[in-house]
Amino acid sequence: MLLIPCPYCGPRPEIEFTHGGEAHLIRPAPPAAVDEDTWSQFLYMRTNLKGAHAERWRHARGCGKFFNALRDTSTDHFIAVYKTGEPRPA
Amino acid sequence: MSKQSFSALSLFWRGLSRHRGWRQQWRKPDPEPQYDAVIVGGGGHGLGAAYYLAKEHGLGHIAVLEKGWIGGGNTGRNTTIIRSNYLFNESAALYDHSLKMWENLSQALDYNVMFSPRGVMMLAHTIHDIQVIKRHVHANRCNGVDNEWLEPAAAKAFCPPLNIDSNIRYPVLGAALQRRGGTARHDAVAWGYARAADELGVDIIENCEVTGIRRDASGAVAGVETTRGYIQSKKIGVSAAGHTSVILQLAGVRLPLESFPLQALVSEPVKPIFPCVVMSNTIHAYISQSDKGELVIGAGTDAYTSYTQRGALHINMHTLDAVCELFPTFRRLAVLRNWGGIVDVTPDRSPIIAKTPVPGLYVNCGWGTGGFKATPGAAHLFAWTMARDEPHPINAPFSIERFRDGVLIDEAAAAAVAH
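On a predicted model such as this, the values are computed, not experimentally measured, just so you know.

## Some thoughts on the overall build of chain B
Move 1: When helices and strands are tallied, chain B shows 12 helices and 19 strands.
Move 2: Since a compact globule built from 419 residues should have a radius of gyration of about 22 Å, the 21 Å found for chain B is in line with a globular shape.
Move 3: When its C-alpha atoms are laid out on the principal axes, chain B stretches across 65 × 65 × 40 Å.
Move 4: Taken over 419 residues, chain B has a buried fraction of 59%.
Move 5: In chain B, of all internal contacts separated by at least 6 residues, the share reaching a separation of at least 24 is 74%.
Move 6: For chain B, the computed accessible surface area is about 16700 Å², with 54% contributed by carbon and sulfur atoms.

Have a look at this one:
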């Protein structure tokens, strides 16, 4: 089980969290002007990176807040966590 | 290499000379600089595709590139369940195509893949389950796929260890039974395809990781960079399961895939006690008994994307809770080992067997947690798609463009569970 460092509560066990998928996906706008290729990129296509991957987590059974994490998907090691809205750490 | 066929007679005959006359079943060639077609991924799907390309489409010069050893990925890690009781017409056609090929695979390959149609039973625990499962039964029968509804007593008669007590947390209210479903020996599938493909001249190249995809001036594929040198080919088929996104990124293609660890475990071996396959989507348990005697138990996927081939213990515990309640007899068995594999999951839980936007580059992926059952069918259809540069009518709906066009084949919603 992963120990996930919530930026608000500190390290907590994985079962307190829900995974929110790839981070920094920006919803295209305005909806009526967006073509179907752009919609399918936003809705379905994913980077699915092997390596340092930026993803969303929610401390659902804790503080309830969303945050972002940079995790190496080849080792599951958390490289950094940061608050929603902050830029991805280098 | 001349064929060394397998039969009771040949076994007896070799036995007379203390089994010293058996040859290695496939060569270990070094890669050549150029091939007519290259398959990336030496699992059952990839080896099978190479076999059908050579056997049915007459391609002479084919290589299968495998990063590790053949059958060492998800082919060697799954729980070997074979069934075709999917809801939608497109899925039923695809999976039943595969199931029909399983029925004759040992004969076709002259290799005993130990296909055992012992019956796959899916349990219903709630009123909602009953409705969903009966809908599946009716839809399957309309599509010519066998499936039948069993009341709890009939389910217990078919699978005696099953606990049908009404006072358990998730009582068994009935079950759907696909009698043609069952299991097969996963390693034998990889080895059987490898042996048969090698006999037709396919080069199976292990320890050869693809590190780049080169394209020509028109944008079409020209070859692959590998850890064993550059290999030229104008047809490249990627059949790399959980690592498909990683390979396709080399050609700049994004796919609707996310890779998750899926875990499984086996108990210590015991005498034959479990006559069929039982699945429960609601409480998430998959169980059968291997011919070695181990109870083979499929657990769930972890919550996060990962390429680590391992997962958290609480996922297995959740499944074992369900198994121990449904089969109280198994509570005292020890778990022998557990492991994980990386599965590539699509948003609609249906696979992709298709051309990509890059000419000459094809992909067979997105099988998620249920690719083993499709091995012969997927390999056959993938070979067709690569050879003719157009999909077979069965796999035409399983394109990448279905996500753009909104024609999903939503088995995720149909089953409400990974499968």
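And the narrative resumes.
## Remarks on the interface of chain B and chain A
How big an interface is tends to be stated in terms of the accessible area lost upon association of its parts.
Move 1: Each partner contributes to the interface: chain B provides 27 residues, whereas chain A provides 26 residues.
Move 2: Surface buried jointly by chain B and chain A totals about 2200 Å² across both partners, of which 50% is contributed by carbon and sulfur atoms.
Move 3: Our count for the contact surface shared by chain B and chain A stands at zero salt bridges.
Move 4: At the junction of chain B with chain A, the criterion picks out 15 residue pairs in polar contact (both at pLDDT 80 or more).
Move 5: For the side of chain B that touches chain A, the secondary structure elements donating two or more residues are α8 (244-249), β13 (258-267) and α11 (402-405) of chain B.
Move 6: Tallied by class, residues from the side of chain B that touches chain A come to 12 nonpolar, eight polar and seven charged.

## What about the sheet that holds strand β19 (residues 361-365) of chain B?
All names here are of chain B.
Move 1: Here we have six strands laid out as an open sheet, ordered β8-β2-β1-β12-β19-β18, and mixed in their pairing. Every other strand in the sheet has two partners, leaving β8 (203-205) and β18 (352-355) as the edge strands with one partner each. The mean angle between the axes of side-by-side strands here comes to 15°, regardless of whether they run parallel or antiparallel.
Move 2: Contacting β1 (37-40), β2 (62-65), β8 and β19, helix α2 (residues 44-56) crosses the sheet at an angle of about 180° to β2.

## Observations concerning the packing of aromatic side chains
Residues and elements named next belong to chain B.
Move 1: Tallied over the full model, the rule gives 18 aromatic pairs over all chains.
Move 2: Arranged with centres 5.8 Å apart and planes meeting at 70°, the rings of Tyr52 and Tyr193 form a pair that is edge-to-face. With Tyr52 in helix α2 and Tyr193 in helix α7 (residues 186-199), this residue pair connects regions lying 141 residues apart in the sequence. Summarising the burial analysis for this pair, Tyr52 and Tyr193 share the class buried.

## Brief notes about the nonpolar core
All names here are of chain B.
Move 1: Core analysis: the biggest nonpolar cluster contains 50 residues, and Leu47, Tyr52, Leu53, Leu94, Trp102, Tyr193 and Val202 have the highest contact counts within it.
Move 2: Put simply, the parts of the chain that give this core at least two residues each are β1, α2, β2, α3 (89-103), α4 (105-109), α7 and α10 (375-388).
Move 3: Non-local contacts of Tyr52, meaning those with residues more than four positions away in its chain, are made with His57, Met101, Leu105, Tyr193, Pro376, Ala379, His380 and Ala383.
Move 4: If you look at the next biggest cluster of nonpolar residues, it comprises 31 residues, including Val221, Ile231, Leu255 and Val358.

## So, the sheet that holds strand β6 (residues 174-178) of chain B
Adjacent strands of a sheet pair through backbone hydrogen bonds, lying either parallel or antiparallel.
Residues and elements named next belong to chain B.
Move 1: Taken in spatial order, the eight strands of this open sheet run β5-β6-β4-β14-β15-β16-β13-β17, and their pairing is mixed. Strand pairing shows two members of the sheet lacking a second neighbour, β5 (148-150) and β17 (335-345), which therefore form its edges. On average, each strand axis in the sheet is inclined to that of its neighbour by 25°, with strand direction left out of account.
Move 2: Sheet topology places strand β15 (residues 285-289) next to strand β16 (residues 295-301); four bridges connect them, and they run antiparallel. Paired with Ile287 across the strands is Ile297, a residue of β16.
Move 3: Against the sheet, helix α9 (residues 313-326) contacts β4 (120-124), β13, β14 (277-280), β15, β16 and β17, and its axis sits at roughly 130° relative to β16.

## Observations regarding α3 of chain B
A turn of α-helix holds 3.6 residues, and therefore any two residues three or four places apart point the same way.
Move 1: The terminal C-alpha atoms of α3 of chain B, which comprises 15 residues, lie 21 Å apart, in line with the 21 Å expected from a rise of 1.5 Å per residue.
Move 2: Ser91, Ala92, Leu94, Tyr95, Asp96, His97, Ser98, Leu99, Met101 and Trp102 of chain B are the residues of α3 of chain B that are buried.

## Considering the state of the cysteines
Simply put, disulfide is the name for a covalent bond between the sulfur atoms of two cysteines.
Residue and element names in this part refer to chain A.
Move 1: Across all of its chains, the model carries zero disulfides over all chains by this definition.
Move 2: For Cys9, which is in no disulfide, the shortest distance to another cysteine sulfur is to Cys63 and amounts to 3.7 Å.
Move 3: Residue classification places Cys9 among the partly exposed positions, given a relative accessible area of 27%.
Move 4: For Cys63, a relative accessible area of 30% puts it in the partly exposed group.

## Topic: the side chain of Ser98 of chain B
All names here are of chain B.
Move 1: Relative to the elements of secondary structure, Ser98 occurs in helix α3.
Move 2: The class of Ser98 is buried, set by a relative accessible area of 1%.
Move 3: Discounting residues that sit within four places of it in the chain, Ser98 has contacts with Lys373, Ala374, Thr375, Pro376 and Gly377.

## Points about the pattern of salt bridges
Residue and element names in this part refer to chain B.
Move 1: The full count for this structure, using the stated rule, is 21 salt bridges over all chains.
Move 2: Where Asp187 meets Arg185, a salt bridge forms, and the shortest distance between an N and an O atom there is 2.8 Å.
Move 3: On the basis of relative accessible area, Asp187 is assigned to the buried category, the value being 18%.
Move 4: The residue Asp348 makes a salt bridge to Arg402 at a minimum N-O spacing of 2.8 Å. With a gap of 54 residues between them, Asp348 in the loop between β17 and β18 and Arg402 in helix α11 connect regions that are remote in the sequence.
Move 5: On the basis of relative accessibility, which here comes to 1%, the residue Arg402 falls in the buried class.
Move 6: Among the ionic contacts, a cluster of salt bridges with common partners joins Asp96, Lys100, Glu103, Asp146 and Arg180.

## Section: the packing of α3 of chain B against α10 of chain B
All names here are of chain B.
Move 1: Two elements in contact, α3 and α10, have axes whose closest approach is 7 Å; the angle formed by their N-to-C orientations is 110°. The pairing of α3 with α10 is recorded here as roughly perpendicular in orientation. Contacts from Leu94, His97, Ser98, Met101 and Trp102 in α3 reach Thr375, Pro376, Gly377, His380 and Leu381 in α10.

## Overview of α7 of chain B
All names here are of chain B.
Move 1: The terminal C-alpha atoms of α7, which comprises 14 residues, lie 20 Å apart, in line with the 20 Å expected from a rise of 1.5 Å per residue.
Move 2: Burial analysis of α7 places 12 of its 14 residues in the buried class, which makes it a mostly covered element.
Move 3: Tucked inside the fold, the buried residues of α7 contact α2, α3, α4, β8 and α10.

Analysis parameters
- Residues numbered from 1 in each chain as written.
- Chains lettered and ligands numbered in written order.
- Predicted model: local features only at pLDDT ≥ 70, side-chain atom pairs only at ≥ 80, totals over all residues.
- Heavy atoms only, no water.
- Helix = DSSP H or I, 4+ residues; strand = E, 2+ residues; numbered from the N terminus.
- Rg over C-alpha atoms; globule rule 2.2 N^0.38 Å.
- Buried < 20%, exposed > 50% of the residue type's maximum accessible area, 1.4 Å probe, protein only.
- Contact = heavy atoms within 4.5 Å.
- Areas by Shrake-Rupley, 256 points an atom, 1.4 Å probe, with all protein chains shown as cover.
- Buried area = accessible area lost by both parts, 1.4 Å probe.
- Salt bridge = Lys/Arg side-chain N within 4 Å of Asp/Glu carboxyl O.
- Polar contact = N/O pair within 3.5 Å; in protein donor to acceptor, adjacent residues only side chain to side chain.
- Nonpolar A, V, L, I, M, F, W, Y, C, P; charged D, E, K, R; others polar.
- Pairing = 2+ DSSP bridges.
- Axes fitted to C-alpha atoms, helices over the stretch in contact; angles between N-to-C directions.
- Phe/Tyr/Trp six-rings, centres within 6.5 Å; stacked < 30°, edge-to-face > 60°.
- Core = buried A, V, L, I, M, F, W, Y, C linked by side-chain atoms within 4.5 Å.
- Expected span 1.5 Å × (residues − 1).
- Disulfide = S-S within 2.5 Å.
- Parallel < 35°, antiparallel > 145°, perpendicular 65-115°, else oblique.

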